[in-house]
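# Close look at the chain arrangement
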Amino acid sequence: TFNIINSTNLPIWCNDLSKYLQDNKIHSTVFITGIMADNYPECVTSFSKSNDIGSMTYSYNNLAPASNYTDQLSQIQQGKTAVDKQGNLNSTIFRAPHGQVDQNIYSLLTRSHILADFSYNDHFNIYTNGLSGKIFYRYPMTSIGNISYSKLSDRDPKIPLIVNIYNYDSIKKVQEFINTMSKNPHQFVTASELIRNTVR
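Read on for an overview of the structure. (Residues numbered from 1 in each chain as written. Predicted model: local features only at pLDDT ≥ 70, side-chain atom pairs only at ≥ 80, totals over all residues. Heavy atoms only, no water.)

## Some remarks on the overall build of the chain
What counts, and what does not: In this text, helices come from DSSP runs of H or I with a minimum length of four residues, and strands from runs of E with a minimum of two, each type numbered from the N-terminal end. Radius of gyration here uses only the C-alpha atoms, and the compact-globule reference equals 2.2 Å multiplied by the residue count raised to the power 0.38. Only protein chains enter the accessibility calculation, which uses a 1.4 Å probe; a residue is then buried when its area is under 20% of its type maximum, exposed when over 50%, and partly exposed in between. Residues count as neighbours in contact if any of their non-hydrogen atoms are within 4.5 Å of one another. Computed with the Shrake-Rupley method and a 1.4 Å probe, the accessible areas treat only the protein chains shown as cover for residues.
A tally of regular secondary structure across the chain gives seven helices and 10 strands. Over its C-alpha trace the chain gives a radius of gyration of 16 Å, about what one expects of a compact globule, namely 16 Å for 200 residues. For the C-alpha atoms alone, the extent of the chain along its principal axes is close to 45 × 40 × 30 Å. Across the 200 residues in the chain, those meeting the buried criterion constitute 44%. Considering only residue pairs separated by 6 or more positions, the chain has 60% of its internal contacts joining residues 24 or more positions apart. Carbon and sulfur atoms form 48% of the exposed surface of the chain, whose accessible area is close to 10300 Å².

## Focus on the side chain of T1
For T1, the location among the structural elements is in the segment before β1 (2-4). Sequence-distant contacts of T1, that is, excluding residues within four places in its chain, are made with T29, F31, R95, I162, V163, N164 and I165.

## A look at the packing of aromatic side chains
Rules: Aromatic contacts are taken between Phe, Tyr and Trp rings whose centres are within 6.5 Å, Trp giving its six-membered ring; a plane angle under 30 degrees counts as stacked, one over 60 as edge-to-face, and the others as tilted.
Evaluated as defined, the whole model comprises seven aromatic pairs. On the numbers, 6.3 Å between centres and 65° between planes, the contact of F2 with W13 is edge-to-face. With F2 in strand β1 and W13 in helix α1 (residues 12-23), the pair connects residues that are 11 residues apart, well separated along the chain. Note on accessibility: F2 and W13 belong to one class, buried. When the centroid spacing of 6.4 Å and the interplanar angle of 45° are considered together, the rings of F31 and F118 count as tilted. Here the residue F31 occupies a position in strand β2 (residues 28-32), and F118 occupies one in the loop between β5 (116-117) and β6 (123-130), the gap between them amounting to 87 residues. Residue F31 is classed as buried on the basis of its relative accessible area, which comes to 1%. Owing to a relative accessible area of 2%, F118 belongs among the buried residues under this scheme. Every member of this aromatic cluster is reached through a ring pair, and the members are F31, F118, F124 and Y139.

## Here's the deal with the pairing of β2
Basically, it comes down to this: Should DSSP find at least two bridges between two strands, the strands are taken to pair.
Most of β2 is tucked away, with five of its five residues classed as buried. Every second residue of β2 is oriented toward a common face, with S28, V30 and I32 on one face and T29 and F31 on the other, all of them buried. Two elements, β1 and β2, share three bridges in a ladder whose sense is parallel. In the sheet register, N3 faces β2, and the bridge partner there is F31. Across five bridges, β2 lies against strand β3 (residues 51-55) in parallel orientation. The partner of F31 across the bridge, within β3, is G54.

## Here we look at the pairing of β3
Most of β3 sits inside the fold, with five of its five residues counted as buried. Burial along β3 is two-sided: N51, I53 and S55 facing one way and D52 and G54 facing the other are all buried.

## A closer look at the side chain of S119
Here is the rule: Here a polar contact means two N or O atoms within 3.5 Å. Within protein one must be a hydrogen donor candidate and the other an acceptor candidate, and residues neighboring in sequence count only if both atoms are side-chain atoms.
Relative to the elements of secondary structure, S119 occurs in the loop between β5 and β6. A distance of 2.8 Å separates the side chain of S119 from the backbone nitrogen of A96, its partner in a polar contact. A polar atom in the side chain of S119 sits 2.5 Å from the side chain of D117.

Have a look at this one:
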């Protein structure tokens, strides 16, 4: 995943990244805050259809310490609305700022028509209409938070690995990391592809 949380290196970072991903046929997911989508719409539109676009609230404020439920809901809905407007799309994936959520997250995301939550380091949640009603199903995941880390031999190959890269990471560093990752058996997938492979 590529996470656009502030104006550092923008919009050049988005343009260079999107070209690199497209040239190398890399599928990925881009999470962006609503305010960055409004200020730098090319950070939504420059990515090809081989990449998912998701939202991260509007202003990248922590959700857990928010003053009330209404403020939390507003942040999530405004973030999604901005991303959807700039990209002319219907984003259905979400990541909370700093991975901080509270007991309201299920209600907040269902009311915002968001189907999957990637806010966590050890799992992701998929919103589905199951036999017991509309619920989030939890699926295991492994996370690498530092792109300088490249030792993959000790992980379970059956569990998806998510690598979180931010717009303050240089494109050169991103390229070096992806090249290192590519030396191991792998398949780069978008969040949507991961979800389809998980639930079928």
